[in-house]
Amino acid sequence: MEQTNWWKKSVVYQIYPRSFYDADGDGIGDIAGIAQKLDYLKELGVDVIWLSPVYDSPNDDNGYDIRDYYKIMDEFGTMADFDFLLASAHERGLKIIMDLVVNHTSDEHEWFVRSKSGRDNPYRDYYYWRDGKEGREPNNWGSIFSGPAWEYDEASGQYYLHLFSKKQPDLNWEHPPLRKEVYRMMKFWLDKGIDGFRMDVINFISKVDGLPDGAVEEGALYGNGSPYFMNGLRIHEFLREMNEEVLSKYDILTVGEMPGVRVDHAKAYTAPENKEVNMIFTFEHMGLDSGPGEKWNLEKLDLVDLKENFEKWQKGLHGVGWNSLYWNNHDQPRIVSRFGNDREHRVLSAKMLATCLHMLHGTPYIYQGEEIGMTNVRFESIDEYKDVETLNMYREKRGQGIPHEKIMESIYVKGRDNARTPMQWTSGPNGGFTDGTPWIGVNPRYKEINVEKALEDKDSIFYHYKHLIGLRKELDIITTGDFNLLYRSHPALFAYERRSGDEKLVVLCNFGDEEIELDEENLIHEATGAEVIVQNYKEVQLEQSRLVLRPYETVVFLK
Ligand code: TEU
């Protein structure tokens, strides 16, 4: 089918269904709740909804452990609810893309139950089963969710591979019948009319033969297997086969989530002539405040690193492939707390961060609550946290004797539950998320930060996002323009220009708490007479031969 590339001018809104809106009062968000909020999303102006997994799951990893790809999770509703949501979205001109999780399934999936039942079962090769080595795991890889990446099965005397939790066994993509089953399932959902897929850790599906030991980095308990499962030898072959068998038959959006991907990989994955995926999620900019180590290491962001990382991706993919643009998702802490200032400058810094991202080349993704400036949370007790990654890490580090307070500090800054507290709709009980008891604590700031207040305040973050989304529709330069970084070495100013023909956008974002004064003659010249299309404050300081940006102020000029 002809690919119209409609997604090049789209803005995507990610919904984490468990925390979005609970229509039936059981304390868990559901599909009926999403359907009730479609007009809110229409008002925001987004084009596409990305649904985190809604398939049947025991929820060891909140739906990223799928037990039945063809069934809706009971807590979220029924297939009839889903069909109603899809039809209601399409009626409003909204598209829906689903989360495709096919690097692994739940250990309760029928395929795994059969695979585990015996070495000779026809499903055995749907997963990675290996004999131990000298009474230990087949190799020294660590799971991304702590512990070893292998689980021993008494009955068969073998181990199975799980890069994530032990309830998420990795699928063996080397096995053609498995790939066929995946393609059949994808067609089932696409034939229902969904508009594409976000593909979970899709660059992990090709593992290197022999699954060799990884290097044991200083202080690590296990070997680093990532060189042997990230961007593996057959990954492009598998994605091209998926495209040939399924994706090419529909006019859809495909975005591959790819931890460990670099720009050179991304050029190959997203170049249209390669017929793989439309775009990918890189993690590079999300690792700049952890240093070279694990994400729990807390380092201060150096803005120059962030600017140069965006420059690398903007220049690297412009005219070659396509960028996705994001600050937040269900795995990342809230950006206004992370790179902004969520206390005295929450509104300004949230708007600044939004402007910085939405004026770039690529397709922007907004994560639920980002558009109202939701912040990180600090639960007092570890018992209030729900995320398997966080809880496994806590137990492992406590076992290593690391103090509770030190671990909690990392959880406060980087934990995934920061993004998973319920969406804040009103200042009423539970932030209007549920009439029941929420499955996870509501962020106490819901009284000041909620949709109801945002919609009443014309100067809210919500309406700033709405304005930015509108500009993307109105100005082709945002979609087609090139990228040039300005003031590269400035420690607090993120400034760049986009050019297309004789048009130019100049974007200035003050990431700091201090006022920035620019006396750059040609910038002032550029700005003078330019149309100011985005600004935080009521007026822009264009005093005599100097341009002043106050803390977290943003201004965008169009010439
Ligand atoms: O996440 C991929 C991944 O690598 C995550 O472990 C992420 O890097 C980490 O959580 C950052 O803290 C995807 C999904 O987005 C995530 O929610 C799932 O837990 C994971 O895959 C397994 O499906």
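Residues numbered from 1 in each chain as written. Predicted model: local features only at pLDDT ≥ 70, side-chain atom pairs only at ≥ 80, totals over all residues. Heavy atoms only, no water.

**Concerning the packing of aromatic side chains**
To describe a pair of aromatic rings, you give the distance between the ring centres and the angle between the ring planes.
1) Next: On inspection of all chains with the given rule, the structure shows 38 aromatic pairs.
2) Next: Seen in terms of ring centroids, Phe112 and Trp129 are 5.6 Å apart; in terms of plane orientation they differ by 10°. Their pairing is stacked. With Phe112 in helix H4 (residues 110–117) and Trp129 in strand E6 (residues 129–130), this pair connects stretches of sequence that are 17 residues apart.
3) Next: Judged by its relative accessible area of 2%, Phe112 is buried.
4) Next: Judged by relative accessible area, Trp129 falls into the buried class, the value being 7%.
5) Next: Three or more aromatic residues joined by ring pairs make a cluster, and in this case those are Tyr55, Tyr69, Tyr70, Phe82, Trp111, Tyr123, Tyr126, Phe188 and Trp189.
6) Next: Above the face of the Tyr21 ring, Lys37 is positioned so that its terminal group lies 4.4 Å from the ring centre. (Phe/Tyr/Trp six-rings, centres within 6.5 Å; stacked < 30°, edge-to-face > 60°. Helix = DSSP H or I, 4+ residues; strand = E, 2+ residues; numbered from the N terminus. Buried < 20%, exposed > 50% of the residue type's maximum accessible area, 1.4 Å probe, protein only. Lys NZ or Arg CZ within 6 Å of the ring centre and 35° of its normal.)

**Notes on unusual backbone geometry**
1) Next: In this structure, Val201 is a non-glycine residue whose phi angle is positive, near 35°.
2) Next: Here Val201 is to be found in the loop between strand E9 (196–199) and helix H6 (235–245).
3) Next: Relative accessible area serves as the criterion here: at 4%, Val201 is assigned to the buried category.
4) Next: Backbone geometry at Tyr487 places phi at a positive 50°, although glycine is not the residue there.
5) Next: Summarising the element assignment, Tyr487 is placed in the loop between strand E14 (484–486) and strand E15 (493–500).
6) Next: For Tyr487, a relative accessible area of 23% puts it in the partly exposed group.

**Overview of the sheet that holds strand E5 (residues 95–100)**
1) Next: Spatial ordering of the open sheet is given by E11-E10-E9-E5-E2-E1-E13-E12, a layout of eight strands whose pairing is parallel. Among the strands making up the open sheet, the edge pair consists of strand E11 (279–281) and strand E12 (324–325).
2) Next: For E9 and strand E10 (residues 253–257), the ladder comprises four bridges, and the chain directions are parallel. Bridging from a neighbouring strand, Met199 pairs with Gly256 of E10.
3) Next: Across the sheet, helix H3 (residues 79–91) touches strand E2 (48–51) and E5, and the angle it forms with E5 is around 140°. (Pairing = 2+ DSSP bridges. Contact = heavy atoms within 4.5 Å. Axes fitted to C-alpha atoms, helices over the stretch in contact; angles between N-to-C directions.)

**Considerations on the UniProt feature "domain: Glycosyl hydrolase family 13 catalytic" (unreviewed entry) in the protein chain**
1) Next: This chain's UniProt record puts "domain: Glycosyl hydrolase family 13 catalytic" (unreviewed entry) on residues 14–420.
2) Next: Along residues 14–420 one finds 30% helix and 12% strand; the C-alpha atoms at either end are 12 Å apart. (UniProt positions renumbered as here; feature names shortened; annotations may be inferred.)

**Thoughts on the sheet that holds E14**
1) Next: Here five strands make up an open sheet; going across it, the order is E14-E15-E16-E20-E18 and the pairing antiparallel. Lying at the two open borders of the sheet, with one neighbouring strand each, are E14 and strand E18 (531–535). When the angles between neighbouring strand axes are averaged without regard to direction, this sheet yields 20°.
2) Next: In this sheet, strand E20 (residues 554–558) lies alongside strand E16 (residues 503–510) in antiparallel orientation, the contact comprising five bridges. Bridging from a neighbouring strand, Leu508 pairs with Val555 of E20.
3) Next: Of the strands in this sheet, E14 and E15 touch helix H8 (residues 303–317), which is tilted by about 15° from E15.

**Remarks on the pairing of strand E8 (residues 158–161)**
1) Next: Every second residue of E8 is oriented toward a common face, with Gln158 and Tyr160 on one face and Tyr159 and Leu161 on the other, all of them buried.
2) Next: In this structure, E6 lies alongside E8, joined through two bridges in antiparallel fashion. When the bridges of E8 are listed, Arg130 appears paired with Tyr159.
3) Next: Inspection of the sheet shows strand E7 (residues 150–153) paired to E8 by four bridges, in the antiparallel sense. Directly across from Asp153, in E8, lies its bridge partner Gln158.
4) Next: The loop that links E7 with its antiparallel partner E8 comprises four residues; one of these, Gly157, has a positive phi angle of about 70°.

**Details of the pattern of salt bridges**
A side chain of one charge can pair with a side chain of the opposite charge if their charged atoms are brought near each other.
1) Next: With the rule as written, the count across this model stands at 45 salt bridges.
2) Next: A salt bridge links Asp99 to Arg198; the shortest N-O distance between them is 2.8 Å. With Asp99 in strand E5 and Arg198 in strand E9, this pair connects stretches of sequence that are 99 residues apart. Of the two residues, Asp99 and Arg198, both sit in the buried class.
3) Next: Across the salt bridge formed by Arg550 and Glu553, the nearest N and O atoms sit 3.9 Å from each other. (Salt bridge = Lys/Arg side-chain N within 4 Å of Asp/Glu carboxyl O.)

**Points about the state of the cysteines**
1) Next: Per the stated rule, a full pass over the model turns up zero disulfides.
2) Next: Take Cys356: it sits in no disulfide, and the sulfur closest to it among the cysteines is that of Cys509, at 4.4 Å.
3) Next: For Cys356, a relative accessible area of 0% corresponds to the buried category.
4) Next: A relative accessible area of 0% places Cys509 in the buried class. (Disulfide = S-S within 2.5 Å.)

**Notes on the packing of helix H7 (residues 263–270) against H8**
1) Next: At their nearest, the axes of H7 and H8 sit 10 Å apart, and the two run at 35° to each other. Crossing of H7 over H8 shows right-handed handedness. Counting all contacts with H7, which are made through Val263, Ala266, Lys267 and Thr270, the residues of H8 involved are Lys312, Trp313, Gly316 and Leu317.
2) Next: Looking at the contact of H7 with H8 residue by residue, the classes come out as four nonpolar, two polar and two charged. (Left-handed = near helix turned anticlockwise from the far one by under 90°. Nonpolar A, V, L, I, M, F, W, Y, C, P; charged D, E, K, R; others polar.)

**Some remarks on the site of the ligand**
1) Next: The environment of the ligand is formed by 19 residues, the closest being Asp61, Asp200, Lys295, Asp331 and Arg416.
2) Next: Between the ligand and the protein, one listed contact pairs an oxygen atom with a side-chain N or O atom of Asp200 at 2.8 Å.
3) Next: In the model, an oxygen atom of the ligand is placed 2.9 Å from a nitrogen or oxygen of the His330 side chain.
4) Next: Here the ligand, which alone exposes 490 Å², has 95% of that area covered by the protein. (Near = heavy atom within 4 Å. Polar contact = N/O pair within 3.5 Å; in protein donor to acceptor, adjacent residues only side chain to side chain. Areas by Shrake-Rupley, 256 points an atom, 1.4 Å probe, with all protein chains shown as cover.)

**Concerning the environment of Gly232**
1) Next: Inspection of the secondary structure puts Gly232 in the loop between E9 and H6.
2) Next: It is 38 Å that separates the C-alpha atoms of Gly232 and Trp439, two residues lying 207 residues apart in sequence.
3) Next: Aside from chain neighbours lying at most four places away, what touches Gly232 is Asn203 and Ser206.

**Examining the pairing of E16**
1) Next: Counting buried residues in E16 gives seven out of eight residues, a clear majority hidden from the surface.
2) Next: Bridge analysis of E15 against E16 gives eight bridges, and the strand direction is antiparallel. Along E16, the bridge assignment pairs Arg499 with Lys504.
3) Next: Between the antiparallel neighbours E15 and E16 lie two residues, among them Gly501 with a positive phi of about 60°.

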